[in-house]
Amino acid sequence: MVILYSTQGCHLCEMALELANQAGIGDKLEVIDIAFDDGLFSRYGVTIPVLHCQGAEINWPFDLKELTQWLEDNGITYHS
């Protein structure tokens, strides 16, 4: 499962979600709104969107090529 740390109204988060869908991981994505968790807000408040999986993270900004490379490097299967 890949987690997208996000918050409502974040246009960069919407862009990251679209890239995740383009990379074919939309069905493996769990979106977590950091606004409802003080710990997550402290950790990711100024860095969202962040994709996280199995201890690995990719921080914004990233493009589709960087995202697919991160997925491959971390053994996350996708379909483009």
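Relevant structure appears above.
For clarity, every value in this text was computed on a predicted model and none was experimentally measured. (Residues numbered from 1 in each chain as written. Predicted model: local features only at pLDDT ≥ 70, side-chain atom pairs only at ≥ 80, totals over all residues. Heavy atoms only, no water.)

Caption draft 1: Structural view of the packing of aromatic side chains. The tally for this structure, following the rule as stated, stands at two aromatic pairs. For the pair Tyr5 and Tyr44, a centre-to-centre distance of 4.3 Å together with 15 degrees between the ring planes defines the contact as stacked. Residue Tyr5 is located in strand 1 (residues 2–6), and its partner Tyr44 is located in helix 2 (residues 38–44); the two are separated by 39 residues in the primary sequence. Judged by its relative accessible area of 2%, Tyr44 falls in the buried class. A centroid spacing of 5.0 Å and a plane angle of 70 degrees characterise the contact between Trp60 and Phe62, whose relative ring orientation is edge-to-face. With a relative accessible area of 5%, Phe62 lands in the buried category. (Phe/Tyr/Trp six-rings, centres within 6.5 Å; stacked < 30°, edge-to-face > 60°. Helix = DSSP H or I, 4+ residues; strand = E, 2+ residues; numbered from the N terminus. Buried < 20%, exposed > 50% of the residue type's maximum accessible area, 1.4 Å probe, protein only.)

Caption draft 2: Spotlight on the state of the cysteines. A complete count under the given rule lists one disulfide for this structure. For Cys10, the disulfide goes to Cys13, at an S-S distance of 2.5 Å. Its S-S torsion of approximately 75 degrees makes the covalent link between Cys10 and Cys13 right-handed. Each member of the pair, Cys10 together with Cys13, is buried. Cys13 supplies the cysteine sulfur nearest to Cys53, a cysteine that is in no disulfide, at a spacing of 18 Å. Take Cys53: its relative accessible area is 3%, and that puts it in the buried class. (Disulfide = S-S within 2.5 Å.)

Caption draft 3: Seen up close, the sheet that holds strand 4 (residues 56–59). Across the sheet, which stays open at both edges, the four strands sit in the order 2-1-3-4 with mixed pairing between neighbours. The sheet is open, and its two borders are formed by strand 2 (29–33) and strand 4, each paired with just one other strand. Across this sheet, the average inter-strand angle for adjacent strands is 20 degrees, counted without regard to direction. On the sheet, helix 1 (residues 11–22) packs against strand 1 and strand 2 and is oriented at approximately 160 degrees with respect to strand 1. Helix-sheet contacts for helix 3 (residues 64–73) involve strand 3 (50–53) and strand 4, and the interaxial angle to strand 4 is about 175 degrees. (Pairing = 2+ DSSP bridges. Axes fitted to C-alpha atoms, helices over the stretch in contact; angles between N-to-C directions. Contact = heavy atoms within 4.5 Å.)

Caption draft 4: Structural detail: the nonpolar core. Counting 17 residues, the largest nonpolar core has Val2, Leu51, Phe62, Leu67, Trp70 and Leu71 as its most contacted members. With nine residues, the next largest nonpolar core counts Cys13, Leu40, Ile48 and Val50 among its residues. (Core = buried A, V, L, I, M, F, W, Y, C linked by side-chain atoms within 4.5 Å.)

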